[in-house]
Amino acid sequence: MPSRARALVVLPLASLAALSLSSCGALVDAPSSSSSAAASAGASDAAAASVAINASDSACQVAKTDLPGGVTTFSITNTGSQVTEVYVYDGDRIVTEKENIGPGTSYDLTVDLTEGKYQVACKPGMVGDGIRQAIAVTGGTSQLTAAEQTAVDAYRSYVQQQADATVPLVQQLRDAIASGDRAKAQSLYAPSRVGWESVEPVAESFGDLDPRMDVREADLEAGQQFTGWHRLEKALWTGEDLATVVPVADQLLADVKELSQRVPNAAITPTSIGNGAKELLDEVATGKITGEEEAFSHTDLVDFKGNVDGAQKAFEVLTPVVQANDPKLVTELTTQFAAVQAALAPYADAEVPGGYVSYDTVTADQRRELARVVDALSEPLSQLGAAAAGQA
Amino acid sequence: MIANFLIGLREGLEATIMVSILVAFLVKTGRRDRLGAVRWGVAVAVALPVAIAVALAVAAKALTFEAQELLGGTLSIVAVAFVTWMVFWMRRAGRSLASHLTDKMRAAVGVSAFAVGLTAFLAVGREGLETVFFVYAAGQATGQTWQPLVGAVLGLAVAVVLGWALYRQTVKLDLRRFFTWTGAALVVVAGGVLAYGVHDLQEAGVLPGLHSLAFDVSAQVPPSSWYGELLKGVLNFSPATTWAQAIAWTAYVVPVLALYLRPQRRPAAPAASSSEAPRLRAVRSDAHAA
């Protein structure tokens, strides 16, 4: 008997062990502490969706009934006097549920919703069909395969790493500006942007951050404040009194911290990773090659390197997915990324802050050559998003 | 507060009933040496869900609903397997009664500490994660109101007291009645756990038929009423029962109970007249000392 018992025990213990592996499909991203902060920022934010459900004895109030696809967290509060349950139904199928929500307690129910129509049901007293509220989910992700999920997880952790690494660099920049040390602030400027430049498409997906952090003076819209890195750049290189831009530096620091808090809730799909890589290369072509991005500091090549590295990372995480759909694209991109990195290499200079020579020392002919290799990469890279979605 | 108290009571009873009977059984058959294994099983069953919940919180991950139901459902069904085995193990011990030899009975309960500990673990741990989340939610509300937490903890505490009272009552029974009644009770309880596990798997979408109800007495036995919660806690009775649940319950309880209660074929024992039913006073006083 005992030996048979020992064989049986493997089942439950193994299932427990499996659940502790974060990579398996048994887990969804839970709300991070930043989600409420992001929501209060008033962003039209597809990612950090936290939706309040007020479940009382007689009502089931869902704060938002039109939701974007992807991970949504329902913050349920039982304001009634009975024990309640909250279900999300897709027709007859239970998508998710939470039972035993006692009166006066709250519970966060996290669910990954794909496009479609659903019903939220609150069941005060735990009986019957409950009080129903229809919700609609549009856009967003379809169910990911294991390989796609791995790619998304790997890319998210890369973005998180880059965003986290940017915070102390911007902190140092801000401190140098606050202490009026212009030379030091100038040397810190370009390095503080590398992380941002490598993950910019994700930051742009939040909508409100990019215009505050990375707007160029030439691109300001009517009524828009000139803030962020380029405002600091202008002050640093035009001899402006640094005391006037300390609030800008403070805001930038707050923004990079917010960015790193919001990454866990960013809407990332294989397609968005692939399209993001293409956007990064477009940034190179339209901003860096022309020298418009860093009009005062001429540190464009540092940004260039950040953009290319970010795009290459996106390609690398997607490679296992794309390999199956379009192996020729993988070969082509591998070659072209190497060509761009090789073209950039001669301009590396460890003596210069940021590691690359000032762009005003790069001749027109050299710029044309850089443009040529970037274009050669850009063309196949534009197919990456579609290939990642299996539409190659 | 009453509602939270009742949930705590129910979650607690689901765990304590089986453990109470398991402990009473070990005490009555003189296998106190196995009580350490029960303690370990219960301790792990309490610690593991807490550890998992903390790990999930730290990683900012949540179990998907399917995973949670799959875990609860699978563990419930495995728990039933172990309790069933325990029931027949009790029956074998009961058969040895005829010989009046506790030594022989003790031998019949020749069961590994591991299996005993595992049974205790499954009985408590199958709904452990659910209970941890429930108590955590109650604790979180403490900022605004302390009532949910007090209710939940009181409910769990009362369940433990009731489990202890059940243990005291059962060890007072004479051995023959002990084996008959606790065994039969365990079969009915296990049947409820099985039906509950089936329902979990239906909710997870592993088994079909979630919406075909065999009967629905929710109006007569509201699940949030005190008697509804008690029925759920003790027998895992759900007022809205699906066909799959009803069939699983019947298919389990009827044959197992019949097998358990079938007349013992005893080798023409020395006419163990019921008047001199063995009381085994030594074992009983043992129990009182517990």
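This text follows the structure it describes.
Now for a quick tour of the structure. Owing to the predicted nature of the structure, the values given are computational and were not obtained by experimental measurement.

Moving on, we come to the overall build of chain B. For chain B, the helix and strand inventory stands at 11 helices and three strands. From first element to last, N terminus to C terminus, chain B shows the α and β order α-α-β-α-α-α-α-α-α-β-α-β-α-α. Within chain B, the fraction of its 290 residues that count as buried is 54%. Summarising the internal contacts of chain B: among those between residues at least 6 apart in sequence, 84% fall at separations of at least 24. Accessible area for chain B stands at about 12,500 Å²; split by element, carbon and sulfur atoms hold 69% of it.

Moving on to the state of the cysteines. Residue and element names in this part refer to chain A. Enumeration over the complete set of coordinates arrives at one disulfide over all chains. Disulfide pairing places Cys 60 opposite Cys 122 at an S-S distance of 1.9 Å. Taking the sign of the torsion about the S-S bond as the criterion, the disulfide between Cys 60 and Cys 122, at about 55°, is right-handed. Placement of Cys 60 in strand 3 (residues 60-62) and of Cys 122 in strand 9 (residues 116-122) is noted, with a sequence separation of 62 residues between them.

Residues and elements named next belong to chain A. For strand 6 (residues 84-90) and strand 9, the ladder comprises four bridges, and the chain directions are antiparallel. Bridging across to strand 9, Val 86 finds its partner in Cys 122. Pairing geometry for strand 9 and strand 10 (residues 131-138), over seven bridges, is antiparallel. Note that in strand 10 the partner of Tyr 118 across the bridge is Ile 135.

Pairs of packed helices are described in terms of their axes, by the angle between the two and the distance that separates them. Residues and elements named next belong to chain A. Viewed as axis vectors pointing N to C, helix 8 (residues 270-288) and helix 11 (residues 364-381) meet at an angle of 155°, and their least axial separation amounts to 10 Å. Here helix 8 is positioned roughly antiparallel relative to helix 11, judged by the angle of their axes. Considering how the two elements wind past one another, helix 8 and helix 11 form a crossing that is left-handed. Seen from helix 8, the contacting residues are Ala 277, Lys 278, Leu 281, Asp 282, Val 284 and Ala 285; seen from helix 11, they are Val 374, Leu 377, Ser 378 and Leu 381. Its residues assigned to classes, the contact of helix 8 with helix 11 shows seven nonpolar, one polar and two charged.

Further remarks concern the interface of chain A and chain B. Counting residues at the interface gives 41 residues for chain A, matched by 46 residues for chain B. Of the roughly 3,600 Å² buried at the junction of chain A and chain B (both faces included), carbon and sulfur atoms supply 66%. Applying the counting criterion to the chain A and chain B interface returns one salt bridge. When the shortest N-O distance is used, the salt bridge between Glu 130 of chain B and Lys 98 of chain A registers 3.5 Å. For the side of chain A that touches chain B, the element with the most residues is helix 1 (residues 2-19) of chain A, which contributes 11 residues. Tallied by class, the residues present in the side of chain A that touches chain B amount to 23 nonpolar, 11 polar and seven charged.

The subject of this paragraph is the environment of Gln 149 of chain A. Residues and elements named next belong to chain A. Relative to the helices and strands, Gln 149 is located in helix 3 (residues 146-178). By relative accessible area, which is 30% here, Gln 149 ends up partly exposed. For the pair Gln 149 and Thr 269, spaced 120 residues apart in the sequence, the C-alpha separation amounts to 8.4 Å.

Residues and elements named next belong to chain A. Following the criterion strictly, the structure yields 14 aromatic pairs over all chains and no others. Judged by centre distance (6.1 Å) and plane angle (35°), the ring pair of Tyr 155 and Tyr 158 falls under tilted. Of this pair, Tyr 155 and Tyr 158 both sit in helix 3, separated by three residues, roughly a single helical turn. Look at Tyr 155 and you get buried, because its relative accessible area is 3%. The class for Tyr 158 is buried, based on a relative accessible area of 10%. Plain terms: the ring middles of Phe 315 and Phe 337 are 5.6 Å apart, the flat faces sit at 20° to each other, and that makes the pair stacked. Remark: Phe 337 occurs in helix 10 (residues 327-344) and Phe 315 occurs in helix 9 (residues 300-325); sequence separation between them is 22 residues. One exposure class covers both Phe 315 and Phe 337, and it is buried. Between Lys 123 and the ring centre of Tyr 87, over which it is positioned, the NZ or CZ distance is 3.9 Å.

Residue and element names in this part refer to chain B. Taken together, the side chains of Met 1, Trp 146, Val 150 and Leu 154 present a nonpolar region at the surface, about 370 Å² in accessible area. By the element assignment, Met 1 lies in the segment before helix 1 (2-28). We classify Met 1 as partly exposed; its relative accessible area is 35%.

On to the packing of helix 1 of chain B against helix 9 (residues 226-235) of chain B, then. Residue and element names in this part refer to chain B. For the pair helix 1 and helix 9, the least separation of the axes is 7 Å and the interaxial angle reads 25°. Judged by the inter-axis angle, helix 1 sits roughly parallel to helix 9. Read as a crossing pair, helix 1 and helix 9 show a hand that is right-handed. Note on element contacts: helix 9 touches helix 1 through Trp 226, Glu 229, Leu 230, Lys 232, Gly 233 and Val 234, opposite Leu 6, Ile 7, Leu 9, Arg 10, Leu 13, Glu 14 and Ile 17. A per-class count over the contact of helix 1 with helix 9 returns eight nonpolar, one polar and four charged.

Rules and cut-offs
Residues numbered from 1 in each chain as written. Chains lettered and ligands numbered in written order. Predicted model: local features only at pLDDT ≥ 70, side-chain atom pairs only at ≥ 80, totals over all residues. Heavy atoms only, no water. Helix = DSSP H or I, 4+ residues; strand = E, 2+ residues; numbered from the N terminus. Buried < 20%, exposed > 50% of the residue type's maximum accessible area, 1.4 Å probe, protein only. Contact = heavy atoms within 4.5 Å. Areas by Shrake-Rupley, 256 points an atom, 1.4 Å probe, with all protein chains shown as cover. Disulfide = S-S within 2.5 Å. Pairing = 2+ DSSP bridges. Axes fitted to C-alpha atoms, helices over the stretch in contact; angles between N-to-C directions. Parallel < 35°, antiparallel > 145°, perpendicular 65-115°, else oblique. Left-handed = near helix turned anticlockwise from the far one by under 90°. Nonpolar A, V, L, I, M, F, W, Y, C, P; charged D, E, K, R; others polar. Buried area = accessible area lost by both parts, 1.4 Å probe. Salt bridge = Lys/Arg side-chain N within 4 Å of Asp/Glu carboxyl O. Phe/Tyr/Trp six-rings, centres within 6.5 Å; stacked < 30°, edge-to-face > 60°. Lys NZ or Arg CZ within 6 Å of the ring centre and 35° of its normal. Patch = residues over 30% accessible without salt bridge, like charges linked within 9 Å, V, L, I, M, F, W, Y side chains within 5 Å.

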